[in-house]
Amino acid sequence: MAAGQELAADVDGQWLFRHGDLVLGPVSGNHIVEKLKTGELTPESLLALAGERDFHPMKDVEPFKVHVALAEARARVDAAVLVEREKNRKRMMVLGGVAGGLALVLGSVGLYLARNAAVHGWFGEDEFEGIEMEAPVIRVAQARPDDEELFDYPIPGTVKPKPPEAGGGKPSSPGGGKPTAVASVDRKPPRPSGNVATDPDGMQVAQQFDQSAINRIVAGNKSTLFRCFKEEAARSPGLAAKIPLEFVIGNDGRVNKLWVDNPQFKKGPLYDCLFTELQKWPFRAYEGERATVGLSFTLGKRG
C-alpha cells in the first residue's frame, strides 16, 4: 500500500489534539473532522496520532488536508453569503425608505385630491347641481336686533346709497339701534393704517381676524351647506330662490349667530341645518372686532 493511502486510512485512527495547554483525546479521525466542520477546531489546530509526541497543524497533516480544504471552501462560501445578505438587507432598507417616502407622498397627494374633490365637487359634481354660491363677503360685525333685515352686501369700490332721513335729522341704524357714525360726504376718510378695515358705512375699525384664513375655511366646508340646501329642495320640489345669509364668528372661533335674509327660511329646518353645520366649521380663535361673513346661494333657475 502506498504511503499516501496509509495516511488517508489513518484518518480513521485515534488522534490527540491540543486545546490551549491541554492535550485532549484520543478521538477518532471522524470526530476531528466534525469538530473542524463545527468550528471547534481550525486548520491551525495541533494534532498527533495517539502514542506520538509530535503535534502538527491540521492543515499540514496529510489525512486531513482534503477536509481542511473543504472547510476553507465552506468558510468562503459562508462569508460570501453573509456579505450578500448584508447587501440585500441594506438594499431592502433603501427600498423600504423609498417606498415609505413614496407612500407618504402618494398619501399626501391623495389627501389633497380628496380634500379638493370635497371642496370643488370633482367627484360627483351632479350631487349639488343647481346650487350656486357667490364669493363670501367678510367684514367687521355690527350690532343689530335679532329681527333686523340684512343689508345688501357691499361691493368693493362702490358707495352704498343712504336713504334720506325725514326732517333732516341724523340717520340711525336700521331697527332703531344705536346710531352708526358715517364718513362726511364732503371729506374723504383718512387712509387706513395698520391692521384696519372699512365697514359698509365708511368707518375704519380695528380688526384682528384673518380674512384669507376665513376664506379657506369657507371654501373647504361649503359643501356641508350644499347638503342643507339639497335637503330643503327635496322638501320643496321646484324650489328656486336666492338665499343670502350672514353669520358671526365669535372670538372663540365658533359661529354664534346666523341670519337668513329670505322670509321663507328665517326659521325652520333649513335654518337649523345651516346653523348646525356652521358651528362645526373650524375657524381659529382671535381677538378684537368680531368677523361677519356674508354668503349668498342660488337654488334652481329663477325665471
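Since the model is a prediction, treat every value here as computed from it, not as a measurement. (Residues numbered from 1 in each chain as written. Predicted model: local features only at pLDDT ≥ 70, side-chain atom pairs only at ≥ 80, totals over all residues. Heavy atoms only, no water.)

### Quick word on the packing of aromatic side chains
- Overall, the coordinates contain eight aromatic pairs when judged by the stated rule.
- For the pair Trp15 and Phe64, a centre-to-centre distance of 5.0 Å together with 75 degrees between the ring planes defines the contact as edge-to-face. Residue Trp15 is located in strand β1 (residues 14-19), and its partner Phe64 is located in helix α3 (residues 62-120); the two are separated by 49 residues in the primary sequence. Phe64 carries the same exposure label as Trp15, and that label is buried.
- Seen from their ring centres, Trp281 and Phe283 are 6.1 Å apart, and the 50 degrees between their planes marks the pair as tilted.
- With a relative accessible area of 9%, Phe283 lands in the buried category.
- Here the aromatic cluster, defined as three or more aromatic residues joined through ring pairs, consists of Phe226, Phe229 and Phe297. (Phe/Tyr/Trp six-rings, centres within 6.5 Å; stacked < 30°, edge-to-face > 60°. Helix = DSSP H or I, 4+ residues; strand = E, 2+ residues; numbered from the N terminus. Buried < 20%, exposed > 50% of the residue type's maximum accessible area, 1.4 Å probe, protein only.)

### Focus: helix α4 (residues 211-235)
- If you check α4, its first and last C-alpha atoms are 35 Å apart, about what 25 residues at 1.5 Å a residue would give, namely 36 Å.
- Buried residues of α4: Ala213, Ile214, Ile217, Val218, Asn221, Lys222, Ser223, Leu225, Phe226, Cys228, Phe229 and Glu232, and no others. (Expected span 1.5 Å × (residues − 1).)

### Topic: the sheet that holds β1
- If you trace the four strands from one edge of the open sheet to the other, you get β2-β1-β3-β4, paired in antiparallel fashion. The sheet is open, and its two borders are formed by β2 (22-28) and β4 (56-57), each paired with just one other strand.
- Here strand β3 (residues 46-49) pairs with β4 via two bridges, running antiparallel. Following the sheet pairing, Leu47 is matched in β4 by His56. (Pairing = 2+ DSSP bridges.)

### Structural notes on the state of the cysteines
- Counted under the stated rule, the structure contains one disulfide.
- Disulfide pairing is shown between Cys228 and Cys273; the S-S distance is 2.0 Å. Between Cys228 and Cys273 the disulfide shows an S-S torsion of about -75 degrees. By sign, it is left-handed. One end of the pair, Cys228, is in helix α4; the other, Cys273, is in helix α5 (residues 269-278), and 45 residues separate them in sequence. By the burial criterion, Cys228 is buried, and Cys273 matches it. (Disulfide = S-S within 2.5 Å.)

### Details of the packing of α4 against α5
- For the pair α4 and α5, the least separation of the axes is 9 Å and the interaxial angle reads 165 degrees. In terms of orientation, α4 lies roughly antiparallel with respect to α5. Classified by chirality, the crossing of α5 by α4 is right-handed. Along the contact surface, α4 presents Thr224, Leu225, Cys228, Phe229, Glu231, Glu232 and Arg235, while α5 presents Pro269, Leu270, Cys273, Leu274, Glu277 and Leu278.
- Partitioned by chemical class, the residues of the contact of α4 with α5 number eight nonpolar, one polar and four charged. (Axes fitted to C-alpha atoms, helices over the stretch in contact; angles between N-to-C directions. Parallel < 35°, antiparallel > 145°, perpendicular 65-115°, else oblique. Left-handed = near helix turned anticlockwise from the far one by under 90°. Contact = heavy atoms within 4.5 Å. Nonpolar A, V, L, I, M, F, W, Y, C, P; charged D, E, K, R; others polar.)

### Points about the pairing of strand β11 (residues 291-299)
- Summarising burial for β11: eight of the nine residues are buried, a large majority.
- Judged from the three bridges that link them, strand β5 (residues 131-133) and β11 form a sheet pairing that is antiparallel. Among the inter-strand pairings, Ile131 is bridged to a residue of β11, identified as Leu299.
- Sheet topology note: the strand β9 (residues 241-249)/β11 ladder contains nine bridges and is antiparallel. Its bridge partner being in β11, Ala241 is matched across the sheet by Leu299.

### Description of the pattern of salt bridges
- Within the structure shown, the criterion is met by nine salt bridges.
- Note that Glu34 is salt-bridged to Lys37, the shortest N-O span being 3.9 Å. Of the two residues, Glu34 and Lys37 are both situated in helix α2 (residues 29-38); the distance of three residues between them amounts to about one turn of the helix.
- On the basis of relative accessible area, Glu34 is assigned to the partly exposed category, the value being 43%.
- Note on Lys37: relative accessible area 49%, which makes it partly exposed. (Salt bridge = Lys/Arg side-chain N within 4 Å of Asp/Glu carboxyl O.)

### Focus: α2
- Of the residues making up α2, those classed as buried are Gly29, Ile32, Val33, Lys35 and Leu36. Along α2, the residues classed as buried sweep out an arc of 160 degrees about the axis, all on the same side.
- Downstream of α2 by a residue or two, Gly39 has a phi angle that is positive, lying close to 90 degrees. (Arc of directions from axis to C-beta.)

### Notes on the pairing of β2
- Pairing geometry for β1 and β2, over five bridges, is antiparallel. Opposite Gln14, over in β2, you have Ser28 as the bridge partner.

### A closer look at the confidence of the model for the protein
- On average, the protein scores 76 in pLDDT, and the residues at 70 or more come to 68%.
- Contacts for the low-pLDDT stretch residues 119-125, under 50 throughout, to residues beyond four places or in other chains number nine contacts. (pLDDT = per-residue confidence, 0-100.)

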